Each structure stands twice: as C-alpha cells, then as structure tokens.
Amino acid sequence: MTSLTFKLFIALSIFIPCTAASAQTAFEEDIHYEVISSEPADKSLGIMEFYSFYCIHCYRYEPIASALKSEFGDTFQKIHLASMGPAKHSGAAMTNAYILATKLGIDEQISDAIFKQNFEKREMLTTADDIKAIFIENGITESDYERGINSFGVKTTAGR
C-alpha cells in the first residue's frame with residue numbers, strides 16, 4: 001500500500017463514521033435529551049441573555065432573542081459582556097453604548113446597526129469614535145451621545 005493510499009484509507013475510515021453519525025436527525029427523549037419539566041415556564045421569572053456584539057453566534061441568535069423578548073416582555077434582559085472585544089476596552093465601550101441605547105429607548109435599533117456593521121459589512125467597531133458614528137447614523141446628535149455616554153447613569157449601570 002502506498003503512502004497516499006494509506007492516508008486516503010485513514011481519512012475515509014474517520015470521515016465515513018463521522019458523516020453517518022452526524023446524519024442522524026431524529027432526537028429521542030431519554031437518549032439524546034432529558035425533559036426537565038412538563039410544566040409551563042413561569043414567565044415572571046424572566047430570562048437573561050448574556051451576549052456580545054463581537055460574537056457571530058450571538059448575531060445569529062438575534063431572531064431567537066427577539067422572539068423571547070416578544071414572549072417575555074420586560075422580564076427579558078440583555079446583558080452585554082464587557083470582557084469580549086477585539087481591542088482593549090472595546091467590550092466595555094460597547095457595553096456602555098448598549099446601556100445608553102437602552103436609556104434612550106433605541107436599543108433594538110442600535111443593536112441591529114452594530115451587528116450589521118460588525119458581521120454584514122465586516123467592519124468591526126473597535127474605537128469610541130466607531131461606536132459614536134453608529135449613534136449619529138441612527139439620529140442621535142454628537143452632543144447628546146457624549147453627554148449620555150459619560151453620564152452618571154450609564155457609568156453606574158455599567159458598574160464603573
């Protein structure tokens with residue numbers, strides 16, 4: 001057996017079982033998952049979503065998060081992870097921006113704009129000026145942004 005044939009044999013012997021296993025689409029109770037409770041969820045308890053504007057999986061989860069927000073209303077909370085970001089302090093700056101957007105009542109609009117900029121346009125927002133530009137593009141004046149982002153309310157909500 002030549003070296004190339006041997007490598008092909010090894011690759012196929014690994015690939016075929018993996019492909020067969022991943023082709024299974026029917027999940028069965030008590031085999032693949034366990035039902036924790038058959039009682040409906042108490043909606044007053046709420047849901048907390050921890051996410052990052054820098055996470056592609058969080059971006060793809062947005063339609064589900066929107067549905068949960070519709071279902072749970074004010075008991076659904078989004079919490080941006082200040083520890084994630086491509087540049088030093090970018091996660092914390094993005095957290096402050098989300099808090100400001102929430103206080104201004106434009107959190108969904110700003111969230112959509114940030115996610116689109118980061119993942120559809122593929123231009124990551126990493127600086128304070130990048131983030132400020134998103135607010136200005138969405139109708140917030142530069143002076144209102146500066147006043148809001150540096151406000152006591154934003155800083156205390158962010159825990160800084």
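Everything below is about the structure shown above.
Let me sum up the structure you'll find in this document.

Calculation notes
- Residues numbered from 1 in each chain as written.
- Predicted model: local features only at pLDDT ≥ 70, side-chain atom pairs only at ≥ 80, totals over all residues.
- Heavy atoms only, no water.
- Pairing = 2+ DSSP bridges.
- Helix = DSSP H or I, 4+ residues; strand = E, 2+ residues; numbered from the N terminus.
- Right-handed = clockwise from strand over helix to strand, strands pointing away.
- Buried < 20%, exposed > 50% of the residue type's maximum accessible area, 1.4 Å probe, protein only.
- Contact = heavy atoms within 4.5 Å.
- 1 Å grid on protein atoms, 1.4 Å probe; cavity = no way out; pocket = protein on both sides within 12 Å on 5 of 7 lines; lining within 4 Å.
- Points joined across faces, edges and corners; volume = space filled by probe spheres on them.
- Nonpolar A, V, L, I, M, F, W, Y, C, P; charged D, E, K, R; others polar.
- Axes fitted to C-alpha atoms, helices over the stretch in contact; angles between N-to-C directions.
- Parallel < 35°, antiparallel > 145°, perpendicular 65-115°, else oblique.
- Left-handed = near helix turned anticlockwise from the far one by under 90°.
- Salt bridge = Lys/Arg side-chain N within 4 Å of Asp/Glu carboxyl O.

To continue, consider the pairing of strand S1 (residues 47–51). As paired strands, S1 and strand S2 (residues 76–80) are joined by five bridges and run parallel to one another. Note on S2: the bridge partner recorded for Phe50 is Ile79. On the question of chirality, the crossover connecting S1 to the parallel S2 by way of helix H2 (residues 56–72) is right-handed.

On the secondary structure map, Ser111 appears in helix H4 (residues 107–120). Residue Ser111 is classed as buried on the basis of its relative accessible area of 3%. Not counting the four nearest positions on each side in its chain, Ser111 is found in contact with Phe53 and Tyr98.

The subject of this paragraph is the side chain of Glu49. Tracing the backbone shows Glu49 in strand S1. Exposure remark for Glu49: the relative accessible area of 7% places this residue in the buried category. In this view, Glu49 contacts Tyr61, Glu62, Ala65, Phe76, Gln77, Lys78 and Ile79; residues no more than four positions away in its chain are not counted.

Our focus in this paragraph is unusual backbone geometry. One non-glycine residue, Asp30, lies in the positive phi region at around 70°. Inspection of the secondary structure puts Asp30 in the loop between helix H1 (3–22) and S1. Even without being a glycine, Arg122 presents a positive backbone phi close to 60°. Considering the arrangement of structural elements, one finds Arg122 in the loop between H4 and helix H5 (128–137). Overall, Arg122 belongs to the exposed group, its relative accessible area being 72%.

Any empty space left between the atoms is revealed when a probe the size of a water molecule rolls over them. Quantified by volume, the largest pocket comes out at close to 370 Å³. For the largest pocket, the lining is made up of 13 residues, of which Gln77, Lys78, Ile79, Tyr98 and Thr102 are closest to its centre. Listed by contribution, the elements that provide at least two residues to the lining of the largest pocket are S2 and helix H3 (90–104). Counted by class, the lining of the largest pocket contains four nonpolar, five polar and four charged residues. Volume-wise, the second largest pocket comes out at about 170 Å³. Lining the second largest pocket are His89, Ala92, Ala93, Asn96, Ala128, Ile131, Lys132, Tyr145, Glu146, Ile149, Asn150 and Lys155. Elements supplying a minimum of two residues to the lining of the second largest pocket: H3, H5 and helix H6 (142–149). Looking at side-chain class alone, the lining of the second largest pocket contains six nonpolar, three polar and three charged residues.

Bringing the packing of H2 against H4 into the picture now. Where H2 meets H4, the closest approach of the two axes is 10 Å, and the angle between their N-to-C directions is 155°. As summarised for this structure, H2 and H4 are arranged roughly antiparallel, according to the angle between their axes. For the pair H2 and H4, the crossing hand works out as left-handed. Where H2 approaches H4, its residues Ile56, Cys58, Tyr59, Glu62 and Lys69 are matched on the opposing element by Asp107, Glu108, Phe115, Phe119 and Glu120. Classifying every residue of the contact of H2 with H4 gives five nonpolar, no polar and five charged.

A separate point is the pattern of salt bridges. This structure, assessed with the given rule, holds eight salt bridges. Between Lys69 and Asp107 there is a salt bridge whose closest N-O contact spans 3.4 Å. Here Lys69 is found in helix H2, whereas its partner Asp107 is found in helix H4, with 38 residues between them in sequence. For Lys69, a relative accessible area of 28% corresponds to the partly exposed category. A network of salt bridges, in which partner residues are shared, links Asp129, Lys132, Glu142 and Glu146.

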